[in-house]
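The chain contents come next:
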Amino acid sequence: MSAVRWDILTSPHLGDESFVTIGTDLRLFNVVKKDESAPVPKGVNVMQISPDEFAVRSSLNTEVALPKCVAWNPAVNPDSRYLMAVGQQSGRVTLSSFRTSSQSEHILHSCEFNPKQSRPCLALQWSSDHPNLLAEGLDKARNERSLVVWDTNFFSDSEAKHLVSSQTARDGPLCVSKPMAEFGVPGEPILSLDWLSNKCLVSSSRQQLRVYDLREEDSKRSQLESFTKAVFGVTVDPHNEHRIASFFEGTVHIYDTRHFEKPIST
């Protein structure tokens, strides 16, 4: 039996030092400072992460087994503070949470997104500017695009909420199979992705970085392209959206999207 691969996801919320471990399940930890006037935290749900800090497990989520990709919703709305998108081997994305204290969160918690063709989910990322939008990168499938964008605002009106409540009462989570948009070259997998306001930065197995504009009608045409071997992962500088980074085999490339033909630094 192969060993379980563990990963860590830190909170996207400013000032929140909590994090989630990803393995066979999801575990939420809060970071607490060592207090000389209080007993040292102990137990199986506590681990020391620095000389004066402890991580204390506050919640456990076993609703989605063996998650492949996880993204933490960045919305400042308290109802979505612990909302997670969990991608699976089939490509299905389940919205799950550590807290279900409100009706609005329950509605999102009762939703699953399913691509038209089953294939592994390779990347997930919420938009920081539009937290209702979730981009999913999928493995290749014949004649299918692999960048899909889901919109949770589908559940914001009263009719959709009623539909979700009725479906959940009968059969469990509501499954949605029609994304807001689809982009990319058919048959090409999306290995990694990030958001640039209304645009998506993606890397593909064809050694290319591409930027797709969600406002563009032609879903096959990318706004920007750059050929590179550094396609194992991409990220956008949160302080400068023109600056992006990608990597491969221990090498990091820095790009300026205004001069995207080649990296400005390696």
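The rules behind these values
- Residues numbered from 1 in each chain as written.
- Predicted model: local features only at pLDDT ≥ 70, side-chain atom pairs only at ≥ 80, totals over all residues.
- Heavy atoms only, no water.
- Helix = DSSP H or I, 4+ residues; strand = E, 2+ residues; numbered from the N terminus.
- Buried < 20%, exposed > 50% of the residue type's maximum accessible area, 1.4 Å probe, protein only.
- Contact = heavy atoms within 4.5 Å.
- Areas by Shrake-Rupley, 256 points an atom, 1.4 Å probe, with all protein chains shown as cover.
- Core = buried A, V, L, I, M, F, W, Y, C linked by side-chain atoms within 4.5 Å.
- Pairing = 2+ DSSP bridges.
- Axes fitted to C-alpha atoms, helices over the stretch in contact; angles between N-to-C directions.
- Patch = residues over 30% accessible without salt bridge, like charges linked within 9 Å, V, L, I, M, F, W, Y side chains within 5 Å.
- Salt bridge = Lys/Arg side-chain N within 4 Å of Asp/Glu carboxyl O.
- Phe/Tyr/Trp six-rings, centres within 6.5 Å; stacked < 30°, edge-to-face > 60°.

Draft legend 1. Quick look at the overall build of the protein chain. Along its length, the protein chain carries 2 helices and 21 strands. Looking at the protein chain as a whole, 48% of its 266 residues qualify as buried. Within the protein chain, contacts between residues at least 6 apart in sequence are counted, and of these 48% link residues at least 24 apart. For the protein chain, the accessible surface area stands at approximately 14,200 Å², while carbon and sulfur atoms represent 49% of it.

Draft legend 2. Local environment of the nonpolar core. Counting 17 residues, the largest nonpolar core has Ala 85, Val 93, Leu 95, Phe 113, Leu 124, Trp 126 and Leu 134 as the members making the most contacts within it. Elements that contribute at least two residues to this core include exactly β6 (69–72), β7 (83–87), β8 (93–97), β9 (111–113), β10 (121–126), β11 (133–138), β12 (147–151) and β13 (174–176). By residue number, the principal contributor to this core is β10, which donates 3 residues. Ranked by size, the runner-up nonpolar core spans 14 residues in total, among them Ala 123, Val 149, Cys 200 and Tyr 212.

Draft legend 3. Region of the structure containing the sheet that holds strand β1 (residues 7–10). Ordered by their spatial adjacency, 5 strands build an open sheet running β1-β2-β3-β5-β4, and the pairing between neighbours is antiparallel. Each edge of the open sheet carries a strand with a single partner, namely β1 and β4 (46–50). On average, each strand axis in the sheet is tilted by 35° relative to the strand beside it, whichever way the strands run. Bridge count for β4 against strand β5 (residues 53–61) is 4 bridges, and the pairing is antiparallel. What sits directly across from Ser 50, in β5, is Glu 53.

Draft legend 4. Quick look at the sheet that holds strand β19 (residues 233–236). Read from one edge to the other, the open sheet built from 3 strands follows the order β19-β20-β21, with strand pairing classed as antiparallel. Edge positions in the sheet fall to β19 and β21 (251–256), since each of these pairs with one other strand and no more. Averaged over all pairs of adjacent strands, the angle between strand axes in this sheet comes to 20°, irrespective of strand direction. Here strand β20 (residues 243–248) runs beside β21; their pairing, made up of 6 bridges, is antiparallel. Note on β21: the bridge partner recorded for Ser 246 is His 253.

Draft legend 5. Spatial organisation of a nonpolar patch on the surface. A contiguous nonpolar surface patch, about 280 Å² in accessible area, is contributed by Phe 232, Phe 247 and Val 252. Structurally, Phe 232 can be placed in the loop between β18 (224–227) and β19. In this structure Phe 232 comes out as partly exposed when scored by relative accessible area, which is 46%.

Draft legend 6. Here's a closer look at the pairing of β6. Taking every second residue as pointing to the same face, both faces of β6 are buried, with Cys 69 and Ala 71 on one and Val 70 and Trp 72 on the other. Two elements, β6 and β7, share 4 bridges in a ladder whose sense is antiparallel. Bridging from a neighbouring strand, Val 70 pairs with Val 86 of β7.

Draft legend 7. The arrangement of the packing of aromatic side chains in detail. Inspection of the entire model under this criterion finds 7 aromatic pairs. For the pair Trp 72 and Tyr 82, a centre-to-centre distance of 6.3 Å together with 35° between the ring planes defines the contact as tilted. With a gap of 10 residues between them, Trp 72 in strand β6 and Tyr 82 in the loop between β6 and β7 connect regions that are remote in the sequence. Here Trp 72 and Tyr 82 have matching classes, each one buried. Taken together through their ring pairs, the aromatic side chains of Phe 232, Phe 247 and Phe 248 make up a single cluster.

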